[in-house]
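Listed below, chain by chain, are the residues.
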Amino acid sequence: MSENLLFLIIIAIGVITYATRSSFIMIAGSTDKFPYFQKALRFVPVTVLPALIMPALFCHNGIPDISIGNERLVAGILAIVIAMYKKNVLLTLCAGMGSLWILQAI
Amino acid sequence: MSSPRSEFISGVKAIAPILLGVVPFATISGVTAVETGMSEIAALGMSFIIFAGAAQLAVVQLIGDYAPAMIIILTALIINLRFAMYSASVAPHFKQLPLKWKALLSYLLTDQAYAVSVVRFNDNPVSQDKHWFFLGAASALWGTWQAGTITGIFLGTRIPESWSLDFAIPLTFTALTVPAIKGQAPVTAAIAAGMASVIFIDLPYNLNIIFAAIVGITAGLLTESRNTGGENNNE
């Protein structure tokens, strides 16, 4: 692929990506007329974040692995339990990373 | 009291644990770009102009496979569609900002900046300077991403996979998310979304994330309307 075409592709993707990022931020306020949309939006954080987290715990190389042998699942469940009781990011992070490293070492 | 400065610093601090997990991801994206035969300047341009890890990795792979330009562009679009969802979710918080701010914060919108900011905004919706929090978190992530990519491009450095540093990202998300999920409808939505994202893991282009969000939002809205007897839901 020529360098020129490559740069054209990169710029096109940059523009499109910027469009997705700026889409609703730029028109903020104009969706106020749609209360059902607003209601649905409130669920975005509580759904997107678990959707990003769960495959990282339950899937190993893109395949679901629900077993005690899945170290990330065990470490992740520990992290979830700690996060339920302590609102402390560093503690949860250290417990999760620490237990993963220990499980990988044994 | 919050000030722009203190909000900015809080943002940097909030995203700091995630940065640990971003470094290996950033270096690998630089290394693979150069290994695929992209020039250093193209790899660098991609990292600054696109600034989206998952899409960048897909683009590099498709270029390596000699895919047609249109396919490469469409793939990146689909992978980055989730940003529109984040954009909609943070938009109400940025409503009052001047266009320049909106333009800058849009460029910096990522999974990680969104995650730390939205949790904070929902906790503390009255702060006048919350855009500074977002700017702090998002620009720290941007700087780390570019530094990692540059290291990968020019030094070829990889962080050993066995260190599992990437795991810091879902762990930090967990620490932020779990305390933020309160009430029956949000809990139902979260569980439905989490399960859907695993069940649909095979969907290409990270579409399982968007699909899971739709499933979760629907579950949340249904739970809510059942609990209120459907009274306020005639829109």
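Look up a bit, the structure's there.
Bear in mind that the values here come from a model prediction, so they are computed numbers and not experimental data. (Residues numbered from 1 in each chain as written. Chains lettered and ligands numbered in written order. Predicted model: local features only at pLDDT ≥ 70, side-chain atom pairs only at ≥ 80, totals over all residues. Heavy atoms only, no water.)

S.K.: Before we go on, may I ask you to explain the packing of helix H7 (residues 111-123) of chain B against helix H9 (residues 168-180) of chain B in this structure?
M.R.: Angle between the axes and distance between the axes: these two values describe a pair of packed helices. All names here are of chain B. Look at H7 against H9: their axes get within 10 Å of each other, and the N-to-C directions meet at 25 degrees. When the interaxial angle is binned, H7 and H9 end up roughly parallel. The way H7 lies across H9 gives a crossing that is left-handed. Counting all contacts with H7, which are made through Asp111, Gln112, Ala115, Val116 and Val119, the residues of H9 involved are Ile169, Phe173, Leu176 and Ala180. In the contact of H7 with H9, the residues fall into seven nonpolar, one polar and one charged. (Axes fitted to C-alpha atoms, helices over the stretch in contact; angles between N-to-C directions. Helix = DSSP H or I, 4+ residues; strand = E, 2+ residues; numbered from the N terminus. Parallel < 35°, antiparallel > 145°, perpendicular 65-115°, else oblique. Left-handed = near helix turned anticlockwise from the far one by under 90°. Contact = heavy atoms within 4.5 Å. Nonpolar A, V, L, I, M, F, W, Y, C, P; charged D, E, K, R; others polar.)

S.K.: Looking at this model, I keep getting lost on the packing of H7 of chain B against helix H8 (residues 130-155) of chain B. Mind explaining?
M.R.: Residues and elements named next belong to chain B. The N-to-C vectors of H7 and H8 enclose an angle of 155 degrees; their axes lie 9 Å apart at closest approach. Here H8 runs roughly antiparallel to H7, going by the angle between their axes. For the crossing formed where H7 meets H8, the hand is right-handed. Between H7 and H8, the residues in contact are Gln112, Ala113, Tyr114, Val116, Ser117, Arg120 and Phe121 and Lys130, Phe133, Phe134, Ala137, Ala138 and Leu141, respectively. Split by residue class, the contact of H7 with H8 holds nine nonpolar, two polar and two charged.

S.K.: It is not clear to me how the interface of chain A and chain B should be interpreted in this structure. Could you clarify?
M.R.: Facing 65 residues of chain A, the contacting portion of chain B comprises 86 residues. When chain A packs against chain B, close to 6,400 Å² is buried across both sides, 77% of that on carbon and sulfur atoms. Of all residues in chain A, Arg21, Ile25 and Phe43 of chain A give up the largest surface area on contact with chain B, accounting jointly for 12% of the area buried on that side. There are three salt bridges connecting chain A and chain B. Across the pair Glu224 of chain B and Arg42 of chain A runs a salt bridge, and its minimum N-O distance is 3.3 Å. (Buried area = accessible area lost by both parts, 1.4 Å probe. Salt bridge = Lys/Arg side-chain N within 4 Å of Asp/Glu carboxyl O.)

S.K.: Could you clarify how one ought to interpret the environment of Met38 of chain B in this entry?
M.R.: Among the secondary structure elements, Met38 of chain B is positioned in the loop between helix H1 (4-35) and helix H2 (40-49). Sequence separation between Met38 of chain B and Ile63 of chain B is 25 residues, and the spatial gap between their C-alpha atoms is 8.7 Å. With residues up to four places along the chain from it excluded, the contact list for Met38 of chain B reads Leu6 and Ile10 of chain A together with Ala33, Ala43, Met46, Val60 and Ile63 of chain B.

S.K.: Just checking my understanding: could you explain a nonpolar patch on the surface for this structure?
M.R.: There is a patch of nonpolar side chains on the surface, built from Ile11 and Val15 of chain A together with Phe48, Ile49, Ile150, Phe154 and Leu155 of chain B and spanning about 630 Å² of accessible area. Among the secondary structure elements, those contributing two or more residues to the nonpolar patch are helix H1 (3-26) of chain A together with H2 and H8 of chain B. For the nonpolar patch, the leading source of residues is H8 of chain B, giving three residues. By secondary structure assignment, the location of Val15 of chain A is in helix H1. We classify Val15 of chain A as exposed; its relative accessible area is 54%. (Patch = residues over 30% accessible without salt bridge, like charges linked within 9 Å, V, L, I, M, F, W, Y side chains within 5 Å. Areas by Shrake-Rupley, 256 points an atom, 1.4 Å probe, with all protein chains shown as cover. Buried < 20%, exposed > 50% of the residue type's maximum accessible area, 1.4 Å probe, protein only.)

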